[in-house]
Structure formats: C-alpha cells, structure tokens
Amino acid sequence: MVKKKIQIAVALAGNPNSGKTSLFNALSGAHLKVGNWPGVTVEKFEGFADYGGYSIKITDLPGIYSMEAYTPEEKVARDFLMERMSDVVVNVVDGTSLERSLYLTSQLMDMEAPLVVAVNMYDEVEHEGIKIDVKQLQKLIGCHVVPVSAVKKSGIEALFDHIIRVYEKKIEVLKNKTEYREQIETAVDEMSQVISTDPEISGKYSARWLSIRLLESDQTAYTLLKERAIWIRLGRIAEEKLRLIEADGQGAAKGKITADRHAFARGAVKETVRLPREEKATITDIIDSFVINRFVGIPFFLFVMWLLFQMTFTLGEEPMKWIASFFALLSASAVKFIPAGLGRSIIVDGILAGVGGVVVFVPNILLLFLGLSFLEGTGYMARAAFVADKFFHKIGLHGKSFIPMVTGFGCSVPALMACRTLKNRGDRLATMMVIPFMSCGAKLPVYILLIGAFLPQKSAGTMLFAIYLFGVLVAIGAAKLFKSTIFKGESEPFVMELPVYRMPGFQYILVQMWIKAWMYIKKAGTTILAASVIIWALSNFPVDKGINLTYESRAKAVMSDNSIKPYDKPALLTSIENERLSEQLKNSYAGMIGRGIEPVIKPLGFDWRIGVSLVAGIAAKEIVVSTMSTIFSLGGSDKNTEALKERLRQDKVFTIPAVLSMIIFVLLYVPCIAATTIFHKEAGELKITLFYIGFSMATAWLMAFLVYRATLIFIH
Amino acid sequence: MKMSELKSGDRAEVLSIVQGTEVARRLADMGLTMGARFKVIRKAPLGDPMEIKIDRFLLALRLEEAGQIEVKLLEKPARAVKVKQNG
C-alpha cells in the first residue's frame, strides 16, 4: 500500500550572493520546476526532495537584504514571507559576512516564522580561519542554526533533519526575539494585543511583525490594517506611541528600529564570531586589483563585451545557417509536393518563413544568455556595471545598460531580454526604447545593397561606420531625452554589492539559459507567426484575376511563338512572371498601404514602391531587400543583387539624398515584429508599446527628413 | 568630511547619513549606518563610483550618494603618506 507522503513547504530566504541558489540546487538535486510568480515577470524556482518520510517542496525566493522591497523581485520575496506561505523558512546566511546577513535574520525573527538558519559557505569560513560559536548563535537568535556548504555539499542532511524537526515542532532551542529599546517593545506589545483580536489578520500574519512595521511607517502594513475595524483603536495607539518614541528629538521611530536591528546583529557577531587576526588578501581582492584597476579596468571591460558579442553572433552564425538551410529544405520539399497556388504560398511564404524567422534567433539567445549567466554567476557583471556606470550615468542610464546596448548591435530580441538585469523600471524602459537604434545585423543587407549600388566601393567601410555611429548618437540623445522627461527621477541608485568571485555551477547556467530560450520560443513564437502570416496576406491579397489572365496569355504567346529561339524562352518567361508578381504586389493591400502612405513619405524622397518595401520590412528587416527585388521586377529572390543594384541605379527615385534618407529610415524605424513583440512582453503595457512604436517612427521620419533636406542643399 | 572626499586606502567611520531617501534605506539594509567602519578600496577607472569594504564585503556606490554621508577619517594608508612626503 502506498501512503501519500506529507508535504513540507520550505522557503529559502537570504541575501543576494549568499549562495542561496547553489544551496537550492544541492537540496533539490535535479528535480526542479520553473514558472512565473503570478502577475510579474519574475521567475519562480521550485525544487522537490524526499527525506525522512516527507516530501519536501523548496521554493527559492529572490535574494533580499531586508524586508524593505524596491524591485518586483524583492516584493515577491517580501509578500511570500509576510503571508507565511511556507511551513518552514530556511534563512541562508553567508558565514563569511555574518553581520550583514543577520540584519535580515532579525526581521525574520520579528515575523515569528518557523525558522532554520543555514550558515552557508562554511568551507570558506573554515578556510579563512573564522570561528563561529554555533551553539551561542543558536541561543541568541532562538532557532536552529546549521552550518552547511552548498558547494561542498556538506551539512545538507543535517539541514533536512532540522527542517523536519522544526516542522514537527520538536524544537530544542528556546524562542528568542530581536530585543528593541523598551519604548518600542511596550508599543509593540500593546499593538499586538489589539491585532490579535482580529482573527482574520492575526491568523495570516504575525501580530508582532505588523506592529513593528506600523511603527516603521510601512505602507504595506498600513494598507492591510486601515480597512479593518480594529484600526480605530490600533491607529490611535500607533499614533500616540510614535509620538512618545520620537519625543526625544533623536529622529524617527523607523531609524531607531533599524539601529536596534543593527545593534543586535553587531552584538550577535561580537559574541559568536572570532575573525583571524590578520586580514589576508582574498582571491577576490587579487583578481579585482587587476580587472577593475585604473588602467586595465576599461580595456578589460571592453574585451569582455567584445568576447560576449563575438560568442553570441559569430559562434551563433553556424547553427543559424543550419536552421536556415533546414527551413529552406522544408520549403523546397513543400514546393515539390504541394501544387502551386495559395495553399503552397501560405505554407512556404507565410508559415515556414514565419516560424523559420523565429527559430533562427534561438542560437543567439542561447549563447547570449550562456554568457550573461556566466558573467552574473562569476560576479563580474556587477563589476562591469561599476566600470561603465560613470559614462552611462551621464547619459541618464545605468552601468548595467551597457550589456543590452552592445547586444543590440547583433539583434534587438536578446538585447531587449537582457534589460531584465536593470531593476529600476525607468532605467529599464529607457534602455529598451533606445536599443533598436543600435543597428542590428538584419539591417546590414539593406545598407550593403544601397551603399553598393550608389556609393563608391572605397568609402563603403567608412559609410557603414558612420551609419552605426549615427544610430549610437540617436540612442544617446533619446536616452537623455527620456530620462529628463517621462522617466525623470526614476533611476536606480547605484548601491551595489560586488560579490566574491565564484565559479558558477554548470546546472545553474544551463537552467538560466534554457528558461530564456524557452520563454522566447513559447511567447514570441505564437505572436510572430501570426504577424508573419498577416504580412504575407497583405502582400498576396487581393489577387487580381485580370492581371493573372493578361500575363498568362502573354506567357502562352511566348510559348507558342516560333520566331523566338527555344533557349531564349525561359528568360522571357521569368521576366513575364516577375512583372506579374510586381503588378500583383502593386495591387495588393501592401501595395495600397504603400500608395496610401506616399504623401507621408514623399518629403523623405520615397515613392510608393519604397513604402511597400518598408512596410514589408516590419516583418523582418532583410525582407526590405527581397521586397525591393520583387517590386522592381526582379523576382522574389534576393540572390541576384548585382542585377538589382543595376536596376536601382536606373530608377529615377534613387537620388543620392533619397538613398541616404532611406538608409537612415531603415536604421531608425520600428524594429521587426519579433523585436516589437518581445518589447511588448518585457514592457508589459500596451500603452508603452504603442508609444514606443510612435516614437521610433517619428524619430526615423524626422532624422530621414533632416538628412534628405541637408544633402539636397549640399548637392545643389 | 564627506565620504566622497575619501581616497582609496582610507579607513573611516560613518557619522551620519542624510535620511529619508531610498539610498539611505538601501545603505542601511546593507549595513552602512551610523557607527559602521569601512575601508575605501578604490574608485572606478572613470573616477566614479567608489568601492568600499565593510564587514568583509564589497560595496559600490556613486560619489553623488557618498556625498550624503558624513564620515570621520580614522586612518590613512601608509603608502599614501609616503607619497605625500616625497612630493
């Protein structure tokens, strides 16, 4: 008979960089589940283990320094702990930096949660010659204290034992609490008594905790209590007590509570920790004295960024080619087996092209996030921000904005996803909005075509560099504009821990990488596919039967015309077919849109045909080139670039100012469907996405207009 | 003196921090409160932010934020004194 095991829900709470995630991995082995916390784009990690006849579910909460929450991640952790959503809370503390860690512990003690403290990195503690009196510490914080080392996998079983003992309420340690100054304690006691009379509240939250938070003027506690009947009494008491506590003129109650917590942490460390007499330089100190010093700091930083970029895009190129040829093969077989017509067209040009366009980015995303998780895991990421912050702070962004912006030169999709490392919403949105101005790889074919057709070969390199630079300058200008207007004041203060260098676990990196790639495939796949089909439909409907008939009869005439030599016929037929496609495109919805927007794009030197190409380019920037070859009657293939260049040179619309204007427009206008979809996903608000589309369109139009007019004057 | 005026290698103690800002709260969460002792490790290659060591961990903050922290200089590094004498 199989008896269903009782489940114990355990939450891991602790400072960032306390080794919480490695402990999580050590506890749960490979049995983990990754999801999302409801309502926010914060990943939720759950692990499962069987121990001592129980099934143990472990939730890894985002790292926090205290219960003050600033970011969505921190709010998730705070709410989880506050609402006591687990049976046991394991507080992971860094044994080598106990004083700071115990500050959070003191708050967890206030919450009266069933607590086990895991002193992590115990191997390093011993290695550095630090002595911790665990028994005494246990007495002081009033809960089980277990030395563990997640890396060396020691103390894991002991931790499980203690979790179960706490769950079974076989607690051997006397409860203790953070002792605040007397005035505060009396206030807390009185308020707790009132809160206890509200069973609904006191059943869910700790009365002591809520009382303390009220004295700290915490908004969350206030919102929770102000609607309750007890507030009439409680609010009055709180007000009166606050007046009493603050009567000495020595500052707010909040500051006093914080000071007492620190005093507690400091005292506990003084009583239990013996540091080695001599402070040796750690490995971290030695590495840092090289990688972030005054001379090597910036070159090394640039080197790392270069390496990341190379890895993402150079290493990703081969698998991208495999994926592309795999989809080419699929299309070829579809062409072979499905008779020509709308059905084939929707499968080949709509669905396969759309799905292929999505999947092709997967190698880039995997590689970028492999690199990013590695940098994050080792501890260099914080240092990169440290090195770059001054420059980025000047243009209104954050040191951490650098990585997404560099990535943007390759592809906006992973770059926008990389913005998650920016915790502040204003910083993140401002960075996201300027990323597409960093010219991505897909725009390159357009530049190469236009530069190749109209500018001397010698200056091609300089011209390309100028285009990229122009994009960067527009990005900087836009960032400054955003941060001084709509995102004014919304900036993350640069207060950041530089964690000790560590070798990240292999599993951690793989999991991180996989989550990002899967999220991309799942969320973007559906939307991008739908959008690709829509753009396909716009370019293929309505079908004008009259045009088809005209060209079919012309083709027939060629076939039956004996005056034309047989080996000339295929070329003639192709050109007739190309003309037909061009005519159809002209009369399609895309063609109508192109003609419809002609008045708007005329000031930029464009005609409706360029308009159609730009509209089609919203699906993917490379499509600008293939659409141009269709509309300028060269067939759908973009292989024949020399012929296309020749054709463009003969066309009156392509004056030098118009060419430059088009390059600028392509550089700046709304990015491809994939990037826009990801933007929306990451920004999370339709309002912001719409604003962003409008903003990039307006910027592109304005800049192209200025360039067009300026070069017109210059040339004449 | 202000924390932002310290040079690398200096050891100092926090006297007071301008209260009521998010920065102050964050710093308090990380252990930088009245009476905390720390050592300035370095400034970033571009001169800002600065890096300090407090309770065996490393913390980076911008000079702008460090300007809101009043400190008492405890000890200058031996090396820096020597350089001064030579110059």
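Figured I'd write up the structure that's included with this text. Throughout, a residue's number is its position along its own chain's written sequence, starting from 1. All chains are assigned letters beginning with A, and all ligands numbers beginning with 1, in the order in which they are written. In keeping with the predicted nature of the model, local features appear solely for residues at pLDDT of at least 70, side-chain atom pairs appear and are counted solely at 80 or more, and the whole-chain, interface and lining totals rest on all residues.

Now for the sheet that holds strand 1 (residues 6-14) of chain A. Residue and element names in this part refer to chain A. At least two DSSP bridges between two strands are required for those strands to pair. Only DSSP runs of H or I with at least four residues qualify as helices, and only runs of E with at least two residues qualify as strands; both kinds are numbered from the N terminus onward. Reading across the sheet, the seven strands line up as 2-3-4-1-5-6-8 and stay open at both edges, with mixed pairing between neighbours. Of all the strands in the sheet, the pair left with one neighbour each is strand 2 (32-36) and strand 8 (144-147). Each strand axis lies, on average, 25° off the axis of its neighbour in the sheet, ignoring direction. Taken together, the six bridges between strand 5 (residues 88-94) and strand 6 (residues 115-120) define a ladder with parallel strand orientation. To get an axis, fit a line to the C-alpha atoms, keeping to the stretch in contact for a helix; angles then go from 0 to 180 degrees between the N-to-C directions.

Residue and element names in this part refer to chain A. Val 90, Val 116, Ala 118, Ile 163, Leu 416 and Phe 665 are the most contacted members of the largest nonpolar core, which has 211 residues in total. The element that contributes the greatest number of residues to this core is helix 31 (residues 656-668), accounting for ten residues. Contact between residues is assigned whenever the C-beta positions, reconstructed from backbone atoms, fall within 7 Å. When residues no more than four places from it in sequence are discounted, the contact partners of Ile 163 are Ile 8, Val 10, Ile 56, Val 88, Val 90 and Val 116. In this description, a nonpolar core means buried residues of the types Ala, Val, Leu, Ile, Met, Phe, Trp, Tyr and Cys, linked to one another by C-beta atoms lying within 7 Å. Burial in this document is a count-based property: other C-beta atoms within 10 Å of a residue's C-beta are tallied, and the residue is buried at 20 or more, exposed at 12 or fewer, or partly exposed in between, with C-beta positions derived from the backbone.

So, on to the sheet that holds strand 5 (residues 69-75) of chain B. Pairing is antiparallel across the open sheet formed by six strands, whose spatial order is 10(A)-4(B)-3(B)-2(B)-1(B)-5(B). On the outer flanks of this sheet lie strand 10 (495-498) of chain A together with strand 5 of chain B, each paired with one strand and no other. Adjacent strand axes in the sheet meet at a mean angle of 40° when their direction is disregarded. Here strand 2 (residues 37-43) of chain B runs beside strand 3 (residues 50-54) of chain B; their pairing, made up of five bridges, is antiparallel. Each bridged residue has a counterpart across the sheet, and for B:Lys39 the counterpart in strand 3 of chain B is B:Lys53. Along the sheet face, helix 17 (residues 380-394) of chain A touches strand 10 of chain A together with strand 3 and strand 4 (57-61) of chain B and points at about 135° away from the line of strand 10 of chain A.

For the rest of this paragraph, the subject is helix 5 (residues 134-141) of chain A. Residues and elements named next belong to chain A. Turning to helix 5, its buried residues are Leu 137, Leu 140 and Ile 141. The arc that holds the buried residues of helix 5, viewed along the axis, is 80°, so those residues lie on one side. Buried residues along helix 5 sit in contact with helix 3 (98-110), strand 6, strand 7 (131-132), strand 8 and helix 12 (253-272). At the exit of helix 5 stands Gly 142, carrying a positive phi of roughly 65°. To obtain the arc, one takes the directions from the helix axis to the C-beta atoms.

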